[in-house]
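Listed below, chain by chain, are the residues.
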Amino acid sequence: MEKALISLIHNSESVRNIKHENPIQFFHANGFPAETYKELLSLIDGDIQDPLSVIGKQIPEVKEGYHEFTDEIIEHASKTHGEGIAIGHSFGGTLSLLAEAREPGLFKNIILLDPPIFSHAKRIILSFLRKLGLEYLVTPAKKSMKRRESFNSREEALDYFSSKTLFKEVPKTTIEHYVQSGLEERNGTFQLVIPRQRETEIFLTLPTRLPREIRTIQGDLIYADKVRLLDDDDLKWWGKAMPEISRTPFQGSHMFPLEKPKELAQKINGILDRNL
């Protein structure tokens, strides 16, 4: 699947002028393999590197704080020797930030797409609920633990996902990319490449403590401004905790990288232009 994605990107590059020579490392959201973002990545004016199709696929256990995931991001990104630009959606954005904090200079710049990094007050509440075993009530885990993960065919899966509210604003072609990359045939049925148990575990181990090094990280935050994950209190905290990261709203839900790839690519390309 990774080879197919890179082939598509390179074919797109042959018909457009790439202005940005810095390698771009893309990291996907929880539950959505990198191939789901084909359209977005094909529209970004940059040297897209071979992405991790499924982050943590070889990691046997999810532990609080995402340390093992961060290790994988660092290993993967080290190939660009500090010249790469990280673009991460949600879970992938959180990992990009943690990796840069752990290894300052790992990336030349980071572009974070609506990562679930909340204010200090919210993370205290999450930590308390986690101790009580109730964190699932206030996170997407409540839905992911019930997510359907087996289908008789890809056509059945496409119809199913197309009917879901989560994909309401997502173009059908992007849903098709998800069905192709997000399912694999096993024992006569098509099952989620990222099992719902793994997806749920990731939601329930969101870091509640962040390293001090985030304060000096430079980059850009693009956050959903229609159906908001980060509210005003979160954004105010971002401004104090990470003053070197600019904050830009985007009209859409948390799924905006899949809902509006063309508009988002334009915004990302503008950021890349600014940093030439």
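Conventions and cut-offs
Sequence positions are assigned chain by chain, starting from 1 and proceeding in written order. Under the rules for a predicted model, residues below a pLDDT of 70 receive no local features and side-chain atom pairs below 80 are neither given nor counted, while totals for whole chains, interfaces and linings still include all residues. Side-chain numbers come from the whole structure's heavy atoms, not from hydrogens or water. Centres within 6.5 Å are what make two rings of Phe, Tyr or Trp a pair, Trp counting through its six-membered ring; a difference in plane orientation under 30 degrees is then read as stacked, over 60 as edge-to-face, and the rest as tilted. Each residue is placed in one exposure class: buried if its accessible area under a 1.4 Å probe, protein chains only, is under 20% of its type's maximum, exposed if it is over 50%, and partly exposed if it falls in between. In this analysis, the protein atoms alone were mapped onto a 1 Å grid. Cavities are point sets where a 1.4 Å probe fits without being able to get out; pockets are open sets with protein on both sides within 12 Å along at least five of seven lines; lining residues have an atom within 4 Å of a point. Grid points are joined across faces, edges and corners, and a volume is the space filled by probe spheres set on the points. Under the scheme used here, helices are H or I runs from DSSP no shorter than 4 residues and strands are E runs no shorter than 2 residues, and both carry numbers assigned from the N terminus. What counts as an axis is a line fitted to C-alpha atoms, over the stretch in contact for a helix, and the angles between N-to-C directions run from 0 to 180 degrees. In this scheme, roughly parallel covers angles under 35 degrees and roughly antiparallel covers those over 145, while 65 to 115 is roughly perpendicular and the rest are oblique. Contact definition: two residues touch when any of their heavy atoms are within 4.5 Å. Residue classes follow a fixed rule: Ala, Val, Leu, Ile, Met, Phe, Trp, Tyr, Cys and Pro count as nonpolar, while Asp, Glu, Lys and Arg count as charged, and any other residue, Gly among them, counts as polar. In this scheme, strands are said to pair when DSSP sees at least two bridges between them. Crossing handedness follows the turn of the near helix against the far one: under a right angle anticlockwise gives a left-handed crossing, and clockwise gives a right-handed one. The definition of a right-handed crossover adopted here requires that, viewed with the strands pointing away, the path from the first strand over the helix to the second runs clockwise. Nitrogen and oxygen atoms within 3.5 Å of one another constitute a polar contact, given that in protein one can donate a hydrogen and the other can accept it, and given that sequence-neighbouring residues count only through two side-chain atoms. Think of it as the arc spanned by the lines of direction from the helix axis to the C-beta atoms.

Asks: Looking at this structure, how should I read the packing of aromatic side chains?
Replies: Two aromatic rings are characterised by how far apart their centres lie and by the angle between their planes. Under the defined criterion, the tally for this structure stands at 15 aromatic pairs. With centroids separated by 5.4 Å and ring planes inclined at 55°, the aromatic side chains of F151 and Y160 adopt a geometry described as tilted. With a relative accessible area of 1%, F151 lands in the buried category. Within the aromatic cluster, the residues linked to one another by ring pairs are F32, F151, Y160, F161, F167 and Y178.

Asks: Would you take a moment to explain the layout of surface pockets for this structure?
Replies: In this approach, a probe sized like a water molecule rolls over the atoms, and the result shows the empty space that is left. Size it by volume and the largest pocket reaches roughly 1600 Å³. P140, K143, L166, F203 and H254 are, among the 50 residues lining the largest pocket, the residues nearest its centre. Looking at the lining of the largest pocket, the elements with two or more residues in it are helix 5 (120-131), helix 7 (154-162), helix 8 (172-182) and helix 9 (196-203). Counting residues per element, the lining of the largest pocket draws most heavily on helix 5, at four residues.

Asks: I'm lost on the packing of helix 3 (residues 67-77) against helix 4 (residues 91-102) in this one. Help?
Replies: For any two helices packed against each other, the geometry is given by the interaxial angle and the distance between the axes. Running from amino to carboxyl end, helix 3 crosses helix 4 at an angle of 75°, the nearest separation of the two axes being 9 Å. When the axis of helix 3 is compared with that of helix 4, the two are roughly perpendicular. Contact residues: helix 3 offers H67, F69, T70, D71, I73 and I74, while helix 4 offers F91, L95, L98, A99 and R102. Taken together, the residues of the contact of helix 3 with helix 4 sort by class into seven nonpolar, two polar and two charged.

Asks: How should the sheet that holds strand 7 (residues 189-192) be read in this particular structure?
Replies: Remark on secondary structure: sheet strands pair via backbone hydrogen bonds, oriented parallel or antiparallel. Taken together, three strands build an open sheet; the order of strands is 5-7-6 and the sheet is antiparallel. Single-partner strands in this sheet number two, and they are strand 5 (150-151) and strand 6 (183-186). Bridging between strand 5 and strand 7 involves two bridges; their strand directions are antiparallel. By the bridge assignment, F151 is partnered in strand 7 with F190.

Asks: What is the right way to look at the packing of helix 7 against helix 8 in this model?
Replies: Taken N-terminus to C-terminus, the directions of helix 7 and helix 8 make an angle of 130°; their axes are 10 Å apart at the nearest point. Considering their axes alone, helix 7 and helix 8 lie oblique with respect to each other. Where helix 7 crosses over helix 8, the handedness of that crossing is right-handed. Contacts from R154, A157, L158, F161 and S162 of helix 7 reach helix 8 at K172, I175, E176, Y178, V179 and Q180. For the contact of helix 7 with helix 8, the class distribution of residues is six nonpolar, two polar and three charged.

Asks: Even after reading the chapter, I still don't get the pairing of strand 1 (residues 23-27), so can you show me in this structure?
Replies: Of all five residues in strand 1, five are buried, a share of seventy percent or more. Residues P23, Q25 and F27 line one face of strand 1 and the alternating positions I24 and F26 line the opposite face, and both faces are buried. Taking the sense of rotation as the criterion, the β-α-β connection linking strand 1, helix 2 (residues 38-43) and strand 2 (residues 47-48) turns out right-handed.

Asks: Help me understand the side chain of R130 in this model?
Replies: Within the element layout of this structure, R130 appears in helix 5. Among the polar contacts listed, one links the side chain of R130 to the backbone oxygen of L204, at a separation of 3.3 Å. Every residue in contact with R130, bar those within four places of it in the chain, is listed here: E64, E135, L204, T205, L206 and T208.

Asks: Would you explain the side chain of S181 in this entry?
Replies: Here S181 is to be found in helix 8. By relative accessible area, S181 is classed as buried at 2%. Here H177 takes part through its backbone oxygen, which lies 2.9 Å from a polar atom of the side chain of S181.

Asks: Explain helix 7 to me, please; I cannot follow it from the model alone.
Replies: Two residues of an α-helix separated by three or four positions point the same way, owing to the 3.6 residues in each turn. The set of residues buried in helix 7 consists of A157, L158 and F161. Summarising the axial view, the buried residues of helix 7 lie within an arc of 100°, below the 170-degree limit, and thus occupy one face. For helix 7, exposure combined with an orientation more than 90 degrees from the buried face picks out E155 and D159. Lining the buried residues of helix 7 we find strand 5, helix 8, strand 6 and strand 7.

Functional significance is not addressed by these values, which are geometric in nature.
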